[in-house]
Amino acid sequence: RTRLAVFGYSMGSFLGVQVAAEERAVRALVLAAGGDLPHGMPYATALRLVADPLRAVKRFDGRPLLMVHGRRDPTVRPEQAQRLFDAAMEPKTLRWYDAGHYLPQQALDDAADWLVARLQGTGTRD
């Protein structure tokens, strides 16, 4: 129970932040190619009543968050990732990669190393 983490990629990030916000047993969260809802999205107001990434990430406060994202992501735009990151509480880290929506293996390896360090209690805050 002390080593439970959530790792979500794309739509999995959207779902992962919701689960992590609700479940206090989640000790660390990695969101890959994830972010807030797009501005101007039809029915965004109604959707936020059910699932709101900004509200959820604020409830994850005090637990480590890592976001990894592509600078050229056309699916979940960089500004969506930045908006979600800005709403998150510390400790948090956002790492950018020269990629689109499909992140390079290095991003996933970096995220795995980050998780191991957090769950073993040997990691720093970044």
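In this report, the structure presented in the accompanying data block is examined. Not measured: the values here are computed from a predicted model. (Residues numbered from 1 in each chain as written. Predicted model: local features only at pLDDT ≥ 70, side-chain atom pairs only at ≥ 80, totals over all residues. Heavy atoms only, no water.)

### Quick look at the sheet that holds strand β3 (residues 65–70)
Either a parallel or an antiparallel arrangement is found when strands of a sheet pair, and the pairing is made through backbone hydrogen bonds.
Stage number 1. Strand order in the open sheet formed by 4 strands is β1-β2-β3-β4, and the pairing between neighbours is parallel. What marks the edges here is a single partner per strand, and that holds for β1 (5–9) and β4 (92–97). On average, each strand axis in the sheet is tilted by 10° relative to the strand beside it, whichever way the strands run.
Stage number 2. Sheet analysis places strand β2 (residues 28–32) next to β3, joined by 4 bridges and oriented parallel. Directly across from Ala32, in β3, lies its bridge partner Val68.
Stage number 3. Against the sheet, helix α5 (residues 105–119) engages β1, β2, β3 and β4, with an angle of about 170° to β2. (Pairing = 2+ DSSP bridges. Helix = DSSP H or I, 4+ residues; strand = E, 2+ residues; numbered from the N terminus. Axes fitted to C-alpha atoms, helices over the stretch in contact; angles between N-to-C directions. Contact = heavy atoms within 4.5 Å.)

### Some points on the pattern of salt bridges
Side chains that differ in charge, positive against negative, can pair when their charged atoms come close.
Stage number 1. For the coordinates displayed, the defined rule picks out 5 salt bridges.
Stage number 2. A salt bridge links Arg59 to Glu22; the nearest nitrogen and oxygen atoms lie 2.2 Å apart. Of the two residues, Arg59 sits in helix α3 (residues 53–59) while Glu22 sits in helix α1 (residues 11–22), which places them 37 residues apart along the sequence.
Stage number 3. For Arg59, a relative accessible area of 32% translates into the label partly exposed. (Salt bridge = Lys/Arg side-chain N within 4 Å of Asp/Glu carboxyl O. Buried < 20%, exposed > 50% of the residue type's maximum accessible area, 1.4 Å probe, protein only.)

### Focus on the nonpolar core
Stage number 1. If you look at the biggest cluster of nonpolar residues, it comprises 19 residues, and the most contacted ones within it are Leu29, Leu31, Val57, Leu65 and Met67.
Stage number 2. For this core, the secondary-structure elements that each account for two or more residues are α1, β2, α3, β3 and α4 (78–87).
Stage number 3. Residues Ala28, Leu103, Ala111 and Leu119 belong to the second largest nonpolar core, which totals 14 residues. (Core = buried A, V, L, I, M, F, W, Y, C linked by side-chain atoms within 4.5 Å.)

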